[in-house]
Protein chains: 2
Amino acid sequence: MIILGVDPGTGCTGYGFIRTPSTLVGCGTIRPPSKATLEAKLLFITERLGELISEHRPEQCAVENIFHAVNAHSALILGHIRGAIIVTAMRLGCDVHGYSALQIKKAVTGHGKAEKEQVRKMVLLLLNLQDQKMAIDSSDALAAAICHAETSRTLDRMARMESGR
Amino acid sequence: MIILGVDPGTGCTGYGFIRTPSTLVGCGTIRPPSKATLEAKLLFITERLGELISEHRPEQCAVENIFHAVNAHSALILGHIRGAIIVTAMRLGCDVHGYSALQIKKAVTGHGKAEKEQVRKMVLLLLNLQDQKMAIDSSDALAAAICHAETSRTLDRMARMESGR
């Protein structure tokens, strides 16, 4: 199964595709022109993401929840970006799941208060990419995808135990 | 020209289509199931809006800006809805414009601090629908469309004056 992870951001949106259990398919960042209007930025991000989804055909998508917005204004802007990403992924056939930063960090590093750099290192380790360079926004997106893969696996195991298989 | 006006809301999103200068084409509200997840609500709203856009084929879309959110959490939720609406309209070929509540009220009633009921009455009057009942969410959406029609007309007139036509 291919899982897309997305880390929505005002200036830069990170994305990462993995094939379960733990193979990197592709990752990168989407940076709309900084002086563009919010509407133009939303179109830029969703068109690029739409192309990537059409290319890699993920079935599932994990998007980091936003709770850390500094104020109502930045919450509003980040909300626009996250909402635009969610409907784009759903329209293209992905099942979308939200995870908190704490859940993602815990799934990848074992503790919910890990630094971004620790997350990046663990993402590289888990995907067997020790020697690669990777932007923090990409590794955060891949961390969301890994978190969803872990969560799905656990839920699947629990369901099988319950049904006695 | 057909203009779509949208009043994004968590529980209820109003929409209204007008043909310029001032003919009602259609209006109503979109109410996703209240217990649905945010993701499911976004899909519900954008799928319905997409059908309506495909039916009425507006060239322009006016969406009320959100500045009045009570706190960061409600700003985040409203941001998701507005962002999802904007990319849906843009993807289907609409040129999207944002207007503040003040701009919309001023365009429709002549003053920026009008009550919603005054806006509703003026919308009915301007669209020659005095005897009709109309939900406040629909009239707010139509008010945004009327505001955009007015603004476009003014800008067009100014451009013609400048070019000496």
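The sections below set out a description of the structure shown in this document. Note that the coordinates shown come from a computational prediction; the quantities given were computed from them, not determined experimentally.

### Describing the pattern of salt bridges
All names here are of chain A.
Okay, step 1: One pass over the structure, following the stated rule, counts 10 salt bridges over all chains.
Okay, step 2: Notably, a salt bridge pairs glutamate 150 with arginine 153, separated by 3.3 Å at the nearest N-O pair. In this pair, glutamate 150 and arginine 153 are both assigned in helix H5 (residues 136–162), three residues apart and thus about one turn of the helix distant.

### A few points about the packing of aromatic side chains
Residue and element names in this part refer to chain A.
Okay, step 1: Enumeration over the complete set of coordinates arrives at two aromatic pairs over all chains.
Okay, step 2: Aromatic pair tyrosine 15 and phenylalanine 17: ring centres 6.1 Å apart, planes at 65°, arrangement edge-to-face. The pair formed by tyrosine 15 and phenylalanine 17 is uniform in burial state, with each residue classed as buried.

### Considerations on the relation of the copies chain A and chain B
Okay, step 1: For these two chains of identical sequence, chain A goes onto chain B by a turn of 180° and a shift of 0.0 Å along the axis, with RMSD 0.0 Å. As the rotation angle and translation indicate, the two copies are arranged about a two-fold axis.
Okay, step 2: A share of 100% of interface residues in chain A that are also interface residues in chain B marks the association as one of identical surfaces.

### Here's the deal with the interface of chain A and chain B
Okay, step 1: Between chain A and chain B, the residue contacts involve 21 residues of the former and 21 residues of the latter.
Okay, step 2: Taking both sides of the interface into account, the surface hidden between chain A and chain B amounts to around 1900 Å²; carbon and sulfur atoms contribute 74%.
Okay, step 3: When the area that chain A buries against chain B is broken down by residue, the three leading residues are Glu39(A), Leu76(A) and Val87(A), summing to 28%.
Okay, step 4: Contributing elements (two or more residues each) for the side of chain A that touches chain B: helix H1 (38–56), helix H2 (72–91) and strand E5 (95–99) of chain A.
Okay, step 5: Per-element accounting of the side of chain A that touches chain B gives the leading share, 12 residues, to H2(A).
Okay, step 6: Classifying every residue of the side of chain A that touches chain B gives 12 nonpolar, six polar and three charged.

### Section: the side chain of His148(A)
Okay, step 1: Looking at the element boundaries, His148(A) is found in helix H5.
Okay, step 2: Sequence-distant contacts of His148(A), that is, excluding residues within four places in its chain, are made with Ile3(A), Gln60(A), Ala62(A), His97(A) and Tyr99(A).

### Observations concerning the layout of surface pockets
Okay, step 1: Of the volumes computed, that of the second largest pocket is approximately 230 Å³.
Okay, step 2: Lining the second largest pocket are 14 residues, and of these Thr88(A), Arg91(A), Val87(B), Thr88(B) and Arg91(B) sit closest to its centre.
Okay, step 3: For the lining of the second largest pocket, a count of residues per class yields four nonpolar, six polar and four charged.

### Here we look at the sheet that holds E5(A)
Residues and elements named next belong to chain A.
Okay, step 1: Strands sit in the order E3-E2-E1-E4-E5 across an open sheet of five strands; the sheet is mixed. This sheet does not close on itself; its edge strands, each paired only once, are strand E3 (23–30) and E5. Each adjacent strand pair in this sheet contributes to an overall mean axis angle of 20°, direction not counted.
Okay, step 2: Across six bridges, strand E1 (residues 2–7) lies against strand E2 (residues 13–19) in antiparallel orientation. Following the sheet pairing, isoleucine 2 is matched in E2 by arginine 19.
Okay, step 3: Sitting on the sheet, helix H3 (residues 101–109) is in contact with strand E4 (60–64) and E5, with an inclination near 90° to E5.

Parameters at a glance
- Residues numbered from 1 in each chain as written.
- Chains lettered and ligands numbered in written order.
- Predicted model: local features only at pLDDT ≥ 70, side-chain atom pairs only at ≥ 80, totals over all residues.
- Heavy atoms only, no water.
- Salt bridge = Lys/Arg side-chain N within 4 Å of Asp/Glu carboxyl O.
- Helix = DSSP H or I, 4+ residues; strand = E, 2+ residues; numbered from the N terminus.
- Phe/Tyr/Trp six-rings, centres within 6.5 Å; stacked < 30°, edge-to-face > 60°.
- Buried < 20%, exposed > 50% of the residue type's maximum accessible area, 1.4 Å probe, protein only.
- Least-squares fit on C-alpha atoms with pLDDT ≥ 70 in both.
- Contact = heavy atoms within 4.5 Å.
- Buried area = accessible area lost by both parts, 1.4 Å probe.
- Nonpolar A, V, L, I, M, F, W, Y, C, P; charged D, E, K, R; others polar.
- 1 Å grid on protein atoms, 1.4 Å probe; cavity = no way out; pocket = protein on both sides within 12 Å on 5 of 7 lines; lining within 4 Å.
- Points joined across faces, edges and corners; volume = space filled by probe spheres on them.
- Pairing = 2+ DSSP bridges.
- Axes fitted to C-alpha atoms, helices over the stretch in contact; angles between N-to-C directions.

That is the geometry; function is a separate question.
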